[in-house]
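Remarks on the overall topology
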Amino acid sequence: MLYKGFYVKMTPATLTRTDKDGREVQCEGFTVEVFDSDAEKVEIDTFSIAVGYEILANDIHEAEQLVKDYIECEEKEYCRMMEEYYSNE
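Notes on the structure follow. (Residues numbered from 1 in each chain as written. Predicted model: local features only at pLDDT ≥ 70, side-chain atom pairs only at ≥ 80, totals over all residues. Heavy atoms only, no water.)

Here's the deal with the overall build of the protein chain
Convention followed: The numbering of helices and of strands both runs from the N terminus, where a helix is a DSSP run of H or I of at least 4 residues and a strand a run of E of at least 2. Only protein chains enter the area calculation, which uses a 1.4 Å probe; residues under 20% of their type maximum are buried, those over 50% are exposed, and those in between are partly exposed. By definition, residues are in contact when any of their heavy atoms lie within 4.5 Å. Shrake-Rupley sampling with a 1.4 Å probe provides the accessible areas, and residues are treated as covered by the protein chains on show and by no other component. By the counting scheme adopted, Arg and Lys are positive, Glu and Asp are negative, and His together with the chain ends is not counted. To locate a charge, the coordinates of NZ of Lys, CZ of Arg, CG of Asp or CD of Glu are taken.
Helix and strand counts for the protein chain come out as one helix and four strands. What you see in the protein chain, going N to C, is helices and strands ordered as β-β-β-β-α. Along the longest, intermediate and shortest principal axes, the C-alpha atoms of the protein chain span 45 × 25 × 20 Å. Counting only residues that meet the buried cut, the protein chain has 30% of its 89 residues in that class. Restricting the contact set of the protein chain to residue pairs at least 6 apart, pairs at least 24 apart contribute 46%. Roughly 5,700 Å² of accessible area belongs to the protein chain as shown, and the carbon and sulfur atoms make up 48% of that amount. Side-chain charges in the protein chain split into 9 positive and 22 negative, and the spacing between the mean points of these groups amounts to 3 Å.

A short note on the nonpolar core
The condition is simple: Nonpolar cores are built from buried Ala, Val, Leu, Ile, Met, Phe, Trp, Tyr and Cys residues. Side-chain atoms within 4.5 Å join them into one set.
Met 10, Val 32, Ile 49 and Val 67 are the most contacted members of the largest nonpolar core, which has 16 residues in total. When residues of this core are traced back to their parent elements, those giving at least two are β2 (6-18), β3 (24-35), β4 (43-50) and α1 (60-87). By residue number, the principal contributor to this core is α1, which donates four residues. Once you skip the residues sitting within four places of it in the chain, Val 32 turns out to touch Val 8, Lys 9, Met 10, Asp 45, Thr 46, Phe 47, Ile 49 and Val 67.

Re the pairing of β3
This is how the line gets drawn: At least two bridges found by DSSP between two strands is the condition for calling them paired.
In this structure, β2 lies alongside β3, joined through 12 bridges in antiparallel fashion. By the bridge assignment, Val 8 is partnered in β3 with Val 34. From the end of β2 to the start of β3, which pair antiparallel, there are five residues, and Gly 22 there has a positive phi angle of about 85°. With seven bridges connecting them, β3 and β4 associate as antiparallel partners. The residue of β4 that forms the bridge with Val 34 is Asp 45.

Quick notes on α1
For clarity, the threshold we go by: Multiplying 1.5 Å by the helix residue count minus one yields the expected span of that helix. The bend reported for a residue corresponds to the angle between axes fitted to the seven residues ending at that residue and the seven starting there.
The first and last C-alpha atoms of α1 sit only 35 Å apart over 28 residues, clearly below the 40 Å expected at 1.5 Å per residue. Along α1, the sharpest kink reaches roughly 65°, centred on Glu 74. Of the positions making up α1, those classed as buried are Ala 63, Val 67, Ile 71 and Tyr 78. Buried residues belonging to α1 abut β1 (2-3), β2, β3 and β4.

Here's what the structure looks like:
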């Protein structure tokens, strides 16, 4: 997925989260990697989103919307990181 100039790779994953009772539980979800381009040369960020925690359902559209919202919040930092990387190259 391309969003705001960033290439996003979302991979289905089984993730570990802590439930309200402090127990570790396995959840379906996605590992999300954000790159500077589809060449995946510079990895800018990696995070995960789990069903029942960050998203309500195992739905790719809901996951994509959360990723878009996250990129909106982190866009300035991502751009700063890319500028720093390319200025040192």
